[in-house]
Amino acid sequence: GVALIVAGFITLAVLGVDVFGLVAGLGVGGLVVGFALKEIIENLISGVLILIQRPFQPGDVIEVDGSTGTVQRVELRATVIRTFDNVEVNIPNRIVYTSVVKNFSIYPTRRFEVTVRMQRTQDLAAVRQRLIAAVRKVVGVAETPAPSVLFEDLNWAIARGKVYYHVQINQRPIEDVRNEVLVAVSTVLDSQ
C-alpha cells in the first residue's frame, strides 16, 4: 500500500508534476473539508446519543441554551422545540448534548413561591392559616406537599415571607394556576 503510493508520487515527479505542491494542496483541502464536516459529525453523533439516552421526550417542557419550550421532535441534526410564544427553535444537538438541560416535565409537580409583606399589627398566625387555606382551594395546586408560609424577616413594622406551593404539571396550564394563586394571596392580604 505505502510502496504503491510512493511509486505513484515518483511517477508523477518523473512526468514533471509538482508533487510537493500536490501534497500541500491535498493537506489544505483535507483540512478545509474536515472543518466543514466537524459540526455536522458532532451534531449527528450527539443526535444519536440523545435518541439512545432519551433525557427528554416529545411533549416535555425543557430549557436549554436560553430557550424554553415544548419538545416537538429530536432529529439527527437538531432538537426542535416550540416556545411558549409559538416560535419553533432548532437547537443543534451538539449544543443540547453539551449544555445543561432543565426538564420541567420529569416530576409530576413543580414548586413555586409568592413573596408577601404584611403589617406586624396583623395576627401573623391567623394570616398564615388563611393564606394556606386560600392557596389550597386553587385547582391544580398539589395537596402533597402541602402549601406553606414561611416568614423570613420580621421588623417592628413589617413581616416578610413566602408562600410555597406545588403545581400538578399535567392537570392545568401552570400559568393559570400561578395566576389564580396570586389572586387568592392578594385577596387574603387585602382583606386584612
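In this convention, every chain numbers its residues from 1, walking through the sequence in written order. In keeping with the model being predicted, local features are shown solely for residues with a pLDDT of at least 70 and side-chain atom pairs are shown and tallied solely at 80 or more, while totals for entire chains, interfaces and linings include all residues. Based on all heavy atoms of the structure, the side-chain values leave hydrogens and waters out of the count.

Colleague: Go over the pairing of strand S8 (residues 158–168), please, and point to the residues and values.
Modeller: Taking burial as the measure, the 11 residues of S8 include nine buried ones, the bulk of the element. Where strand S6 (residues 109–119) lies against S8, 11 bridges are found, and the strand directions are antiparallel. If you follow Arg-111 over to S8, its bridge partner there is His-166. Any two strands between which DSSP finds at least two bridges are classified as paired. Runs of E in the DSSP output that reach at least two residues are strands. Runs of H or I that reach at least four are helices, and both are numbered from the N terminus. The hairpin turn running from strand S7 (residues 148–154) into S8, its antiparallel successor, is three residues long. Think of it in three bands: with a 1.4 Å probe and only protein chains considered, a residue is buried below 20% of the maximum accessible area for its type, exposed above 50%, and partly exposed in between.

Colleague: Can you lay out the sheet that holds S7 for me, pointing to particular residues and giving the numbers?
Modeller: Strand order in the open sheet formed by three strands is S6-S8-S7, and the pairing between neighbours is antiparallel. Looking along the sheet, the strands with just one partner apiece sit at the ends: S6 and S7. Sheet twist, expressed as the mean angle between neighbouring strand axes with direction ignored, is 25°. Contacts: residue pairs with any heavy atoms within 4.5 Å of one another. Interaxial angle, 0 to 180 degrees, is taken between N-to-C directions of lines fitted to C-alpha atoms, where a helix line uses only the stretch in contact. Against the sheet, helix H4 (residues 124–136) makes contact with S6, S7 and S8, and its axis sits at roughly 140° relative to S7, the strand it touches most. Along the sheet face, helix H5 (residues 174–190) touches S6 and S8 and points at about 20° away from the line of S6.

Colleague: Account for H5, with residues named and values stated.
Modeller: Between its terminal C-alpha atoms H5 stretches 24 Å, which fits the 24 Å expected from 17 residues at 1.5 Å a residue. Looking at H5, one finds that the buried residues are Ile-174, Val-177, Val-181, Ala-184, Val-185 and Val-188. For H5, the angular spread of the buried residues around the axis is 95°, confining them to a single face. Seen from the open side of H5, the exposed residues pointing more than 90 degrees away from its buried face are Glu-175 and Asp-190. Those residues of H5 that are buried lie in contact with S6, H4 and S8. Here, expected helix span is obtained from the residue count minus one, scaled by 1.5 Å. The directions considered for the arc run from the helix axis to the C-beta atoms.

Colleague: Summarise a nonpolar patch on the surface; cite the residues concerned and give the values.
Modeller: Together, Leu-44, Val-48, Leu-51, Ile-52 and Leu-76 make up an exposed nonpolar region whose accessible area comes to about 430 Å². Within the secondary structure, Val-48 is located in helix H2 (residues 19–53). Residues qualify for a patch when their relative accessible area is over 30% and they have no salt bridge, like charges being joined within 9 Å and the nonpolar side chains of Val, Leu, Ile, Met, Phe, Trp and Tyr within 5 Å. Here, Shrake-Rupley sampling with a 1.4 Å probe gives the accessible areas, and only protein chains in the shown set may cover a residue. Each salt bridge in this description consists of a side-chain nitrogen of Lys or Arg and a carboxyl oxygen of Asp or Glu lying within 4 Å of one another.

Colleague: Outline the packing of H4 against H5, supporting the account with residue identities and numerical values.
Modeller: Closest axis-to-axis distance for the H4/H5 pair is 9 Å, and the angle between their directions is 150°. The orientation of H4 relative to H5 falls into the category roughly antiparallel. Every pair of crossing elements has a handedness; the one defined by H4 and H5 is right-handed. Contacts from Val-127, Arg-130, Leu-131, Ala-134 and Val-135 of H4 reach H5 at Val-181, Ala-184, Val-185, Val-188 and Leu-189. Under the convention adopted here, Pro, Cys and the residues Ala, Val, Leu, Ile, Met, Phe, Trp and Tyr are nonpolar, Asp, Glu, Lys and Arg are charged, and Gly plus all remaining residues are polar. In terms of residue class, the contact of H4 with H5 is made up of nine nonpolar, no polar and one charged. Roughly parallel means an angle under 35 degrees; roughly antiparallel, over 145; roughly perpendicular, 65 to 115; everything else is oblique. The handedness criterion is simple: a crossing whose near helix is rotated anticlockwise from the far helix by less than a right angle is left-handed, and one whose near helix is rotated clockwise is right-handed.

Honestly, that's just the spatial picture; any functional story needs more than this.
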